[in-house]
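Residue strings, one per chain:
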Amino acid sequence: MRNLEHVKHVIIKIGSTSLCNEDGQLDKERILKLIQQIAILKRKGLKVTLVSSGAISSGMGVLNLSEKPKEISKKQALAAIGQAHLMQIYEDLFSLFHLKCAQILLNHDDFDHRKRLMNLSYALSSILDYDVIPIINENDTLAVDEIKVGDNDTLSALLLPIVDAQLLVLVSDIDGLYNDNPHTNSNAKLLSDIELVDDKIMNYAKDSSSQFGTGGMVTKLRAAKIVNDYGGDMAIVNGNNETALIDLLEGKQIGTYFSGKAGRTLSARDHWIMYRSSPKGKVIVDDGACEALKTHTSLLPKGIKEVEGSFMQGSIIDVLSFKGQLIARGITNYSSDELKLIKDHHSNEIESILHYKDYDEVIHADNLVINKG
Ligand SMILES: Nc1ncnc2c1ncn2[C@@H]1O[C@H](COP(=O)(O)OP(=O)(O)O)[C@@H](O)[C@H]1O
Ligand SMILES: N[C@@H](CCC(=O)OP(=O)(O)O)C(=O)O
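Residue numbering note: each chain is counted from 1, following its sequence as written. Chains and ligands are labelled by the order in which they are written, letters from A for the one and numbers from 1 for the other. Since the coordinates come from a predicted model, pLDDT governs what is reported: local features require at least 70, and pairs of side-chain atoms require 80 or more to be given and counted, while whole-chain, interface and lining totals use all residues. The basis for the side-chain values is all heavy atoms of the structure; hydrogens and waters are excluded.

Q: Account for the UniProt feature "binding site: ATP" (unreviewed entry) in the protein, with residues named and values stated.
A: UniProt positions are given in the numbering used here, feature names are shortened, and annotations may be inferred rather than shown by experiment. Those residues carrying the UniProt feature "binding site: ATP" (unreviewed entry) are Lys13, Ser172, Asp173, Thr214, Gly215, Gly216, Met217, Val218, Thr219 and Lys220 in this numbering. Restricting the annotated residues just mentioned to those that line the largest pocket leaves Lys13, Ser172, Asp173, Thr214, Gly216, Met217 and Lys220. Looking at the secondary structure, you find Lys13 in strand β1 (residues 9-14). Residue classification places Lys13 among the buried positions, given a relative accessible area of 5%. Residues count as neighbours in contact if any of their non-hydrogen atoms are within 4.5 Å of one another. Contact partners of Lys13, with chain neighbours within four places excluded, come to Val51, Ser53, Asn152, Asp153, Ser156, Leu168, Val169, Leu170, Val171 and Lys220. Only protein chains enter the area calculation, which uses a 1.4 Å probe; residues under 20% of their type maximum are buried, those over 50% are exposed, and those in between are partly exposed. Since its relative accessible area comes to 6%, Thr219 is described here as buried. Think of a 1 Å grid over the protein atoms and nothing else: a 1.4 Å probe that fits but is trapped marks a cavity, an open set flanked by protein within 12 Å on at least five of seven lines marks a pocket, and residues with an atom within 4 Å of a point count as lining. The numbering of helices and of strands both runs from the N terminus, where a helix is a DSSP run of H or I of at least 4 residues and a strand a run of E of at least 2.

Q: So what's going on with the side chain of Gln83? Residues and values would help.
A: Mapped onto the secondary structure, Gln83 falls in helix α4 (residues 72-95). Taking relative accessible area as the criterion, Gln83 reaches 7% and is therefore assigned buried. A polar contact of 3.1 Å, which involves the side chain of Gln83, links it to the side chain of Gln103. Among residues more than four places away in sequence, those in contact with Gln83 are Ala55, Gln103, Leu105 and Asn137. Here a polar contact is taken to be a pair of N or O atoms separated by no more than 3.5 Å, where protein atoms must pair a possible hydrogen donor with a possible acceptor and residues adjacent in sequence count only if both atoms sit in side chains.

Q: So what's going on with the UniProt feature "binding site: substrate" (unreviewed entry) in the protein? Residues and values would help.
A: Cross-referencing UniProt, the feature "binding site: substrate" (unreviewed entry) maps to Ser53, Asp140 and Asn152 in the present numbering. Sequence-wise these annotated residues cover 100 residues; spatially they are packed, their C-alpha atoms never more than 10.8 Å apart. Among the annotated residues just listed, those lining the largest pocket are Ser53, Asp140 and Asn152. Relative to the helices and strands, Asp140 is located in the loop between β4 (133-138) and α7 (152-163). Of the residues examined, Asp140 reaches a relative accessible area of 16% and is grouped as buried. The contact partners of Asp140, leaving out residues within four places of it in the chain, are Gln76 and Ala79. Inspection of the secondary structure puts Asn152 in helix α7. Here Asn152 is in contact with Lys13, Val51, Ser52, Ser53, Asn137 and Glu138, once residues within four sequence places are set aside. At 2.9 Å, the side chain of Asn152 and the side chain of Ser53 are in polar contact.

Q: Pulling in residues and values, what's your account of the nonpolar core?
A: Only buried Ala, Val, Leu, Ile, Met, Phe, Trp, Tyr and Cys residues count toward a nonpolar core, and they belong to the same one when joined by side-chain atoms within 4.5 Å. In terms of nonpolar packing, the biggest core is built from 49 residues, with Leu159, Met234 and Phe258 touching the most fellow members. Residue assignment for this core shows that the elements contributing at least two residues are β3 (101-106), α6 (114-129), α7, β5 (167-172), α9 (216-228), β7 (233-238) and α11 (268-276). Top element by residues in this core is α7. It accounts for seven residues. Where each domain begins and ends is defined by an automated method or by a domain database. Counting residues domain by domain, this core receives three or more from each of domain 1 (9-269) and domain 2 (279-370). Setting aside residues up to four positions removed in sequence, Phe258 forms contacts with Leu177, Ile194, Val197, Leu221, Ala224, Asn228, Gly232, Asp233, Met234 and Ile236. Judged by nonpolar contacts, the second largest core, of 39 residues, contains Val7, Leu19, Ile35 and Leu248.

As structure tokens, then:
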């Protein structure tokens, strides 16, 4: 048995593969079984936030399309058509249990701006105070690449600190993480408990085998890292198991459970820098700077060899190695224009180059988060 007594608020993310049948139509019977379990969890006193995929698949069902279109504008249209249909089904089914729900559609830039993030957090907390279940999805109709999260595994992981939940459960069409994709390797073994998502674990993850899923296991493991780095837990369970959610929350050994016990816990600010904000540019640093940064020292201009993008002082930027590996992410003390002039120079030369010097460091160690894996 696992001990889940600390879990008072759970985010349940339901993937498209658990909402639709093989023909791509929303499967009300399957959705009902999930809602039934959510109603039981709520009766037990748990707070529940729902993240639901399925808008595009639902739109395909409404228009009787058998294949997902490639054109972005068509996917945007399907999301608009399908999201309304999806919410109608949620409302009908939740009402059978005298539960009410609310729709929230988000994009990445809602996480980027602190003020918007606070507004989101207040709105969510009021919805929960009204004892209504928030149902969240990406705003796929308006999401263009720069502002897109791209998948709901990541979106739900980013939400965990905002709603102050302790556990994220990803409901999928598979029992959990295997050491290879079980749809293509029949010898693949299910892994039950994972204390750290390291490179070895990441290498088990492959893409989705279904045309309805987005990201397969890759995005699920990324979500586990985001959640674990905040000190939260994550689990993957199979939506086809009619008691999966109840069993999991009772501590039964089902699915894959990512406790993050062997990892780190970032402060709220560092977690925001690393995951929830989107970087505005990048600097490429030499091997010496890469090594130094790994021991968590400040980034000095001498180690910077290239500057990409246009950003202002105070922006969040990526620090990359020559090989393109993400070494760290942090808040820059200098704009991209200033960095182009002082890169490859000693800090004591900054003043003579710029005619002013506010800082010796480009990114101070306190504002720098090292990428671990
Ligand atoms: N190592 C793995 N273990 C389990 N499933 C895997 C693995 N690698 C890839 N997958 C694929 O990931 C799928 C689940 O992700 P996805 O189709 O995106 O579902 P969802 O709609 O629930 O997000 C599985 O059905 C399987 O095809
Ligand atoms: N936002 C999209 C789903 C994106 C997504 O992550 O899908 P999935 O892998 O099925 O959870 C939609 O509603 O169709």
